[in-house]
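Residue-level listing of the chains:
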Amino acid sequence: MKVFKNTQSIDKIQQLADYIDKSHSMVAVTGAGISLAGGGITYRQLLRTIRPGDFGSDSFLRSYVKIMHSYKPTFSHYALRDLESDGKLIGIITTNEDCMHTIAGSQNVAEIQGGFQINRCSKCGRHYDGYEIWERDELPKCESCGGKILPWELYSHISLWDEGVRKAQKWIAKADLILVIGTNGYYSSAYWSYRNINAVIVQINPGHTSFDCSADLNIHEECDNVFKKLKERQSKNG
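Residues numbered from 1 in each chain as written. Predicted model: local features only at pLDDT ≥ 70, side-chain atom pairs only at ≥ 80, totals over all residues. Heavy atoms only, no water.

All right, on to the pairing of strand β1 (residues 26-30) then. Judged by how many residues are buried, β1 sits mostly within the fold: five of five residues are covered. What you see with β1 is no split at all: M26, A28 and T30 on one side and V27 and V29 on the other are buried throughout. Pairing between β1 and strand β2 (residues 89-94): five bridges, direction parallel. Paired with A28 across the two strands is I92, which belongs to β2. Bridge count between β1 and strand β6 (residues 177-181): five bridges; the pairing is parallel. (Buried < 20%, exposed > 50% of the residue type's maximum accessible area, 1.4 Å probe, protein only. Helix = DSSP H or I, 4+ residues; strand = E, 2+ residues; numbered from the N terminus. Pairing = 2+ DSSP bridges.)

Moving on to helix α3 (residues 58-68). Of the positions making up α3, those classed as buried are F60, L61, Y64, V65 and M68. Along α3, the residues classed as buried sweep out an arc of 130° about the axis, all on the same side. (Arc of directions from axis to C-beta.)

This part is about the pairing of strand β7 (residues 200-204). Buried residues dominate β7, accounting for five of its five residues. By the alternation rule, side chains of β7 split into V200, V202 and I204 and I201 and Q203, which are all buried. Two strands pair when backbone bridges link them, and β6 and β7 are joined in this way by five bridges, in the parallel orientation. Bridge pairing in β7 places I178 opposite I201.

Oppositely charged side chains may form a pair once their charged atoms are brought near each other. Enumeration according to the criterion identifies seven salt bridges in this entry. Notably, a salt bridge pairs D58 with K148, separated by 3.1 Å at the nearest N-O pair. Of this pair, D58 sits in helix α3 while K148 sits in the loop between β4 (119-121) and β5 (149-151), placing them 90 residues apart in sequence. K148 sits in the partly exposed class, given a relative accessible area of 23%. A salt bridge links K167 to E163, with the nearest nitrogen and oxygen atoms 3.9 Å apart. (Salt bridge = Lys/Arg side-chain N within 4 Å of Asp/Glu carboxyl O.)

Following the criterion strictly, the structure yields two aromatic pairs and no others. Geometrically, the ring pair formed by F116 and W134 is edge-to-face, given 5.2 Å between the ring centres and 90° between the ring planes. Of this pair, F116 sits in the loop between β3 (109-111) and β4 while W134 sits in the loop between β4 and β5, placing them 18 residues apart in sequence. In this structure F116 comes out as buried when scored by relative accessible area, which is 1%. Residue classification places W134 among the buried positions, given a relative accessible area of 2%. Between W192 and F211, the aromatic rings sit 5.2 Å apart at their centres with planes inclined by 70°, giving edge-to-face as the arrangement. Of this pair, W192 sits in the loop between β6 and β7 while F211 sits in the loop between β7 and β8 (217-219), and the two are 19 residues apart along the sequence. In this structure, W192 and F211 share a single accessibility class: buried. Across the ring face of F75, the terminal group of K228 is positioned such that the distance to the ring centre comes to 5.7 Å. (Phe/Tyr/Trp six-rings, centres within 6.5 Å; stacked < 30°, edge-to-face > 60°. Lys NZ or Arg CZ within 6 Å of the ring centre and 35° of its normal.)

In structure tokens:
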């Protein structure tokens, strides 16, 4: 039984506010949609900008890094950071590789596809974790062997990052509220079956996805608009 499911007929922003107010262990699941307002693009869009055969090459990596540094965290990224600071949000599960949640200040982020914080030398396998190494003018090289350093997705040939998946499974099993934000649910099979079956599910996405049927509340709007309305509502309510 979903102990704080609200069955009253009220507006969706107020219902979201009520769910958050009553939650003690919230988890957010995010995808590319949360970064679009800040100028981000989807991985599929990125692939359209490169030539066949360039995947993993220096030119591809430069394009990849340039795009990552061309935008900033969105209002939604900061809203999730604030929910974590308030003790409401226990973790963020994301397929995004842009590190925007970390840059915004979130501490508990499970990047299940790795990303620019999880880096390895393609030659000797030495770890170089932290997105800061990509802020240099030149592509980073391994200090041990001079090999090319690659972010996890390229290094692993697009496999999931086990540590991120384990975090995702642990957090979602504890969640009483799951916010699904700007994602179609790619790779959710790695953790979704671990979720607390009594958790309330809220989807925030302008388009329709496979989550439509399982969500207790669907808000089909851009996530920044939703979180701005939520902040205004909470400010009015004190």
